[in-house]
Amino acid sequence: MPITVNLDVMMAKRKISLNELSDRVDLTLSNLSILKTGKAKAIRFSTLDAICKALDCQPGDILEYVDDEKRTPHH
């Protein structure tokens, strides 16, 4: 999928744990983990809003478009 989730990068920059972010955005650890690992197929705007508030960032800091044709294959 051409949308990459960089939640782990923003969490590292803000020095916040998955548990702490889970508490702040009122999202289960398992759902947050799915999002963090890039396995999520969708995200609600309300969830994105809560994450951006908690991490003091913009949606573009978390979500990134990467063209599949330009992505280098992982071997």
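Preceding this section is the structure that the text describes.
Predicted model only: the values in this text are computed from it and were never measured.

(A) Structural detail: the packing of helix 2 (residues 18–25) against helix 3 (residues 29–36). Between helix 2 and helix 3, whose axes approach to 10 Å, the crossing angle comes to 115 degrees. Considering the angle they form, helix 2 stands roughly perpendicular to helix 3. Of the two elements, helix 2 crosses helix 3, and the hand of that crossing is right-handed. From helix 2, Leu 18, Asn 19, Leu 21 and Ser 22 reach across to helix 3, where they touch Leu 29, Leu 32, Ser 33 and Lys 36. Tallied by class, residues from the contact of helix 2 with helix 3 come to 4 nonpolar, 3 polar and 1 charged.

(B) Molecular detail of the environment of Lys 41. Note on placement: Lys 41 falls in the loop between helix 3 and helix 4 (45–55). Overall, Lys 41 belongs to the exposed group, its relative accessible area being 72%. Along the chain, Lys 41 and Ile 3 lie 38 residues apart, while their C-alpha atoms are 9.6 Å from each other.

(C) Representation of the nonpolar core in the model. Among the nonpolar cores identified, the biggest contains 18 residues, and Leu 7, Met 11, Leu 21, Leu 32, Ile 51, Leu 55 and Ile 62 are the most heavily contacted of them. Those elements that place two or more of their residues in this core are helix 1 (7–14), helix 2, helix 3 and helix 4. When residues of this core are assigned to their parent elements, the largest contribution, 5 residues, is made by helix 4. Setting aside its immediate chain neighbours within four residues, Leu 21 contacts Leu 7, Met 11, Ile 16, Leu 32, Ala 54 and Leu 55.

Cut-off values and rules
- Residues numbered from 1 in each chain as written.
- Predicted model: local features only at pLDDT ≥ 70, side-chain atom pairs only at ≥ 80, totals over all residues.
- Heavy atoms only, no water.
- Axes fitted to C-alpha atoms, helices over the stretch in contact; angles between N-to-C directions.
- Helix = DSSP H or I, 4+ residues; strand = E, 2+ residues; numbered from the N terminus.
- Parallel < 35°, antiparallel > 145°, perpendicular 65-115°, else oblique.
- Left-handed = near helix turned anticlockwise from the far one by under 90°.
- Contact = heavy atoms within 4.5 Å.
- Nonpolar A, V, L, I, M, F, W, Y, C, P; charged D, E, K, R; others polar.
- Buried < 20%, exposed > 50% of the residue type's maximum accessible area, 1.4 Å probe, protein only.
- Core = buried A, V, L, I, M, F, W, Y, C linked by side-chain atoms within 4.5 Å.

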